[in-house]
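Single-letter residue listing:
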Amino acid sequence: MHSFTLEDLIQYVYQDISTEKKEAIRAALDTDWELREKYAVIVSAQKRLETLSLFTPRKKAVDAIIRYAEKSAKALTTE
């Protein structure tokens, strides 16, 4: 019997895990449907996050934030 955490599965998905644990999770995924469901949810979330990284804020919005930060920093230094 195994007891893998969500953190273990996330590390497995991102391949940030030891070889021994990777093999144990791979074997468990073959036999444990509940673990497979959790794994599927994590993989689905990973794919959605990857699509979000394709979006970037408009330059105008970034420039406005930078101007505001500079203005705020200047106000703090003149006090």
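Quantities reported herein were computed from a predicted structural model and do not represent experimental measurements.

Cut-offs and rules
- Residues numbered from 1 in each chain as written.
- Predicted model: local features only at pLDDT ≥ 70, side-chain atom pairs only at ≥ 80, totals over all residues.
- Heavy atoms only, no water.
- Core = buried A, V, L, I, M, F, W, Y, C linked by side-chain atoms within 4.5 Å.
- Buried < 20%, exposed > 50% of the residue type's maximum accessible area, 1.4 Å probe, protein only.
- Helix = DSSP H or I, 4+ residues; strand = E, 2+ residues; numbered from the N terminus.
- Contact = heavy atoms within 4.5 Å.
- Expected span 1.5 Å × (residues − 1).
- Salt bridge = Lys/Arg side-chain N within 4 Å of Asp/Glu carboxyl O.

### A closer look at the nonpolar core
Within soluble globular proteins, side chains that are nonpolar generally end up buried alongside one another.
For step 1, the next point in the chain: Core analysis: the largest hydrophobic core is formed by eleven residues, namely Phe4, Leu9, Tyr12, Val13, Ile17, Ile25, Ala28, Leu29, Leu35, Ile42 and Val43.
For step 2, the next point in the chain: At the level of secondary structure, the elements contributing two or more residues to this core comprise helix H1 (6–13), helix H2 (19–31) and helix H3 (33–52).
For step 3, the next point in the chain: Leaving out residues up to four positions away in the same chain, isoleucine 17 has contacts with Asp8, Gln11, Tyr12, Lys22 and Ile25.

### Considerations on helix H4 (residues 59–78)
Two residues of an α-helix separated by three or four positions point the same way, owing to the 3.6 residues in each turn.
For step 1, the next point in the chain: Spanning 20 residues, H4 covers 29 Å between terminal C-alpha atoms, matching the ideal 28 Å at 1.5 Å per step.
For step 2, the next point in the chain: A small share of H4 lies buried, amounting to zero of its 20 residues.

### Regarding the pattern of salt bridges
For step 1, the next point in the chain: Within this structure, the stated rule accounts for two salt bridges.
For step 2, the next point in the chain: The salt bridge involving lysine 21 is made with aspartate 8; its shortest N-O contact spans 2.9 Å. Placement of the pair is lysine 21 in helix H2 and aspartate 8 in helix H1, with a sequence separation of 13 residues.
For step 3, the next point in the chain: Classification of lysine 21 as partly exposed rests on a relative accessible area of 31%.
For step 4, the next point in the chain: Of the residues examined, aspartate 8 reaches a relative accessible area of 9% and is grouped as buried.

Don't take any of this as a statement about function, it's just geometry.
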